[in-house]
Every structure is written in structure tokens, then in C-alpha cells.
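Read off the chains here:
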Amino acid sequence: MKKNTKKKKKNKHFHLLILIIIILGSLFLYKYTENHLAVKKLFNKIENLEGYITKYTIYGTHLNIEGKINLTDIDNIDLILFKNNKEQTFKLDYKVKDNTTFKLSDDINDGIDLEKLKIGEYIALLKINNKYYPLYNTTNYENTDYCTLTKNNHNNQIEISFKNKYEKQYLSINVKNSTQKCYDITIDAGHGGIDTGASNNDDLESIYTLEYAKALKKSLEALNLNVIMTRDDDISIDSYGNDGRAVLPNKYKTKMTISLHLNSNVVNSFSGYEIYKANKTNNNFARVLKTNIDKLTNMKASNNQHMKVADGIYVRTYKEDEIKDSINVALNNNFAPYAIDSNTNYLYMIRETGGIMTGAYIDGRDQRYGKNPYFNNNIGNETYLIELGYIINNNDLSIIKNDKEKYIEAIKKSIKEYLNI
Ligand SMILES: [Zn+2]
């Protein structure tokens, strides 16, 4: 009798399980078919006129695209991301001449925030005056892989490529679950070893940058971020070799690089911190960092007005005489001059870690420097070089010594806020 009841119960559970499987299966099949039909319907609507992507780049966490289409009668032009019968719309900036050129943003660290995309394939198309147009690839880049920031010990893998459906090409942004470990942030302690950097009596820049870098690594790891350092000891390191300072951020595919320095200027009585960012980036991170340094430390924004774009925020590009010097060096050493102009980033750590977005150019033609293997990358790090203060200014130096924990907290808090961790 007892046995029988048990058997009946077991049977009941078994039937319930089958029922649940059937319901879930049908739901899945329904959703799949619905999605399939929605995609087919979308592709039936796509016009024959081709849109072209002439440039697509990932700088930090954002995908930016530029392109053109041979159409001039335009009221409204968007990039749409289609998934599960829904479309997300991104406004495109455009210029109409003989044809129309468009881009997501003028800022290289803006566009589509890849961190916000959910699992699944997004179909990217042009939408002009409510009509859909395909997107063909005219860049040198077929596929670009991006790994999302580490959150709860997990990363997603995003494959950006061009695919065909119903004989029309589109940009595919495919977000997948991944078990691969990815790296998030590079911390660069400026100088090191025989290259001691700036100094004030026995106080050396290279010692403080290392101290700060180590502390910053520890505090970012407390956020479960995977952090690499360009050096973790008092040693001099190469810029462009296999584990070179400017190579590691791209080799490990980190999203952000923070390079730490202390300033020096014997001619002017400058003091305070200076945040250097890449040309053509918005001030979003730099502003958050400025706010937190102001709030948490005694260090003030620098009184140096040169190359300043906002309080405490700087962009250092090539000056005319430096461009001339560079051309002369090329001529004297028998290699073709680099294609640099007054928009090219001057600080190599900012320039060379950003690939084509920041105008990286160390391609090996100058034998003295070697080659940055990632100079031609369309995926790169969003890099900031922070001059923590002026080492030759005794007040700045004492703040650097006494406010280390607060300073580290300010940088950590800014990264956390900006990257939404
Ligand atoms: Zn330095």
C-alpha cells in the first residue's frame, strides 16, 4: 500500500515534468519562430541602395562608426540595432554633399556603450526617412572581438562582424556568454629603474608612481576587476617590446589605462594635478576624476594654462616645431616621415595604446624605437595620464606623501562611477 502511493506520487511528478518541458519547448519554439519571422519581415523591407561603413572603432567601452550612402534627400538618419522584434535607435550626425556621410559621434569614447548590450545578436542597419538600408564593409577590419568588463567574475564576449541575410549585408553585434577570463584595467607606474623621472632631493618620481600604482591595483581588485601593471617593481621597462609599457594594454585587451606621473617644471612655479586625455574624447571621465580629487584630497587643479581644455583637464598634441623636428629626424635617419599633425596626441602612452583612434604610429620605421604591434588596431584603450602633482613643489609633494589613500580612493571611485561597476 505504502509502496503504491510512492509510485503514484513519482508518476505524478514525472507527468508534471513532461508538461513543463512541453510548455517551455513550445514557448521557445514560438519565440524562435516569431523572431525568425520578424527578421525575415525586416529584411523584406530593406532597400536595394547600399550604405557603407568606412570606419568602425572601439575605444574603451564604446563602439563608434562612420560611413556613407549615395543619397541626399535626408530628413532623419539613424543606426538601428534590431533584436527580438525590437529596435534601438542611435541618432547619427550627418553631412550632405554629393552623397551623405554619417557618424555616431565626434568623440572617440562615445557611440554605442557595449557594456549595456544583452545576450543575443543585434542586427545593425541604417534607417533613413523611415526606410531601412543595408550596411556594407569598406574597412580593413573583418571581425573585432570585445570582452566586456568583469562583473561578478563574469564577462561577455562580443563579436562585431559583417554578415549576409537574404542577400543583404548588415553589421552584426553578437553578444555571447563567455567563460574566458578577461582583463579590465592597465595601471602604468611612470618611469622606473635607471629612469627615475623627476625628483626633489631624495624623492624620486619613479618611486611614488610605483607606490601609487600598487595601491590602486589593490583597490581596483577589491571591485573584482582584473588589473595588469606595466611594472610592479623598481625596474626600467621597454616601451614597445613584447611586454612593453604601450603594448601590454592592447595585448591584454584592457578597456582603460591609467598612467601615473609626477610633474616637474623648473621655469614656472606650477603646482597641482593635471589629467591628460586623448584628443577628440569627451570630458566625462576626466570631469568625474576632477570632482573626486577635489572632494577627497588636498591637491588642487594645476595653475598651468598650457594645453588646458578645462579646469584640471589637458590635451597634449604636437606643436608646430615638434612636427618639424619629427620630419627632420625622419629625413636624417632615412625613413618616411610619420603622418602626424597638430591633432596627433603627443604623449606616447595615450597615443600608442589607442590604435587608429588616437593616431598611434610607431610602426617600426624608426629602428631606434621598434614597433608597436597594435598601432593599426581598431580596438584600443581609453587612456588617461595623471600628473598627480608637482614633485618640485614642496606643498604638492607633502600632499602626495600624506594623501595617498585619499588620492587612490578618488581614482578608484571615478573608475567605478564612470564604468558603472
Ligand atoms: Zn613622468
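Everything numeric here is computed off the predicted structure, so don't read it as measured data. (Residues numbered from 1 in each chain as written. Predicted model: local features only at pLDDT ≥ 70, side-chain atom pairs only at ≥ 80, totals over all residues.)

### Thoughts on the overall build of the protein
Link 1 in the chain: From N to C terminus, the protein includes 8 helices and 23 strands.
Link 2 in the chain: Taken along its principal axes, the extent of the C-alpha atoms in the protein is 90 × 75 × 40 Å.
Link 3 in the chain: A buried classification covers 39% of the 421 residues belonging to the protein.
Link 4 in the chain: Summarising the internal contacts of the protein: among those between residues at least 6 apart in sequence, 69% fall at separations of at least 24. (Helix = DSSP H or I, 4+ residues; strand = E, 2+ residues; numbered from the N terminus. Buried ≥ 20, exposed ≤ 12 C-beta atoms within 10 Å, placed from the backbone. Contact = placed C-beta atoms within 7 Å.)

### Regarding the packing of helix H4 (residues 284-296) against helix H8 (residues 404-419)
Link 1 in the chain: Packing of H4 against H8 leaves a shortest axis separation of 9 Å and a crossing angle of 145°. As H4 packs across H8, the resulting crossing turns out to be right-handed. Residues Asn284, Phe285, Val288, Leu289, Asn292, Ile293 and Leu296 of H4 form the contact with H8, whose own contacting residues are Lys406, Glu409, Ala410, Ile411, Lys413, Ser414, Glu417 and Tyr418.
Link 2 in the chain: A class-by-class count of the residues in the contact of H4 with H8 yields 8 nonpolar, 3 polar and 4 charged. (Axes fitted to C-alpha atoms, helices over the stretch in contact; angles between N-to-C directions. Left-handed = near helix turned anticlockwise from the far one by under 90°. Nonpolar A, V, L, I, M, F, W, Y, C, P; charged D, E, K, R; others polar.)

### Structural notes on the domain arrangement of the protein
Link 1 in the chain: Looking at the protein, the domain boundaries give domain 1 (44-178) and domain 2 (185-419).
Link 2 in the chain: Its C-alpha centre places domain 1 at a distance of 31 Å from the equivalent point of domain 2.
Link 3 in the chain: Where the side of domain 1 that touches domain 2 is concerned, the elements lending two or more residues are strand S1 (51-59) and strand S11 (144-147).
Link 4 in the chain: Ranked by residues supplied to the side of domain 1 that touches domain 2, first place goes to S1 with 4 residues.
Link 5 in the chain: Tallied by class, residues from the side of domain 1 that touches domain 2 come to 8 nonpolar, 7 polar and 3 charged. (Domains from an automatic or database assignment.)

### Re unusual backbone geometry
Link 1 in the chain: Within the chain, asparagine 201 stands out as a residue other than glycine whose phi angle is a positive 55°.
Link 2 in the chain: Topologically, asparagine 201 is positioned in the loop between strand S15 (199-200) and strand S16 (203-204).
Link 3 in the chain: Given 9 C-beta atoms within a 10 Å radius, asparagine 201 is considered exposed.
Link 4 in the chain: Even without being glycine, methionine 307 reaches a positive phi, approximately 65°.
Link 5 in the chain: Assignment of secondary structure puts methionine 307 in the loop between H4 and strand S20 (308-310).

### Points about helix H5 (residues 320-332)
Link 1 in the chain: Its 13 residues give H5 an end-to-end C-alpha distance of 19 Å, which sits within 8% of 18 Å, the value for a rise of 1.5 Å per residue.
Link 2 in the chain: Judged by how many residues are buried, H5 sits mostly at the surface: 0 of 13 residues are covered.
Link 3 in the chain: Looking at the residues trailing H5, positive phi occurs at asparagine 334, about 60°. (Expected span 1.5 Å × (residues − 1).)

### Focus on the environment of arginine 365
Link 1 in the chain: Mapped onto the fold, arginine 365 is located in the loop between helix H6 (348-351) and strand S22 (379-380).
Link 2 in the chain: For the pair arginine 365 and asparagine 333, spaced 32 residues apart in sequence, the C-alpha to C-alpha distance is 9.7 Å.
Link 3 in the chain: The residues contacting arginine 365, other than those within four sequence positions of it, are Phe335 and Ala336.

### Structural notes on the sheet that holds strand S18 (residues 256-263)
Link 1 in the chain: With respect to topology, 7 strands assemble into an open sheet ordered S17-S14-S18-S23-S19-S21-S20, the strand pairing being mixed. The open sheet terminates on both sides in strands that have one partner only, identified here as strand S17 (227-229) and S20.
Link 2 in the chain: Examined bridge by bridge, strand S14 (residues 185-189) and S17 share 3 bridges and lie parallel to one another. Following the sheet pairing, threonine 186 is matched in S17 by isoleucine 228.
Link 3 in the chain: In the packing of H4 onto the sheet, the strands contacted are strand S19 (274-276), strand S21 (313-314) and strand S23 (382-390), and the crossing angle to S19 comes to about 160°.
Link 4 in the chain: Strand contacts of helix H7 (residues 394-402): S18 and S23, with the helix running at about 115° to S23, the strand carrying the most contacts. (Pairing = 2+ DSSP bridges.)

### Overview of the nonpolar core
Link 1 in the chain: Formed by 92 residues in total, the largest nonpolar core has its most connected members in Ala124, Leu125 and Ile275.
Link 2 in the chain: In this structure leucine 125 touches Ile46, Ile80, Phe82, Tyr132, Tyr133, Pro134, Leu135 and Tyr170, once residues within four positions along its chain are discounted. (Core = buried A, V, L, I, M, F, W, Y, C linked by C-beta atoms within 7 Å.)

### Focus: H4
Link 1 in the chain: In this model, H4 (13 residues) spans 19 Å end to end at C-alpha, consistent with the 18 Å of a helix rising 1.5 Å per residue.
Link 2 in the chain: Turning to H4, its buried residues are Phe285, Ala286, Leu289, Lys290, Asn292 and Ile293.

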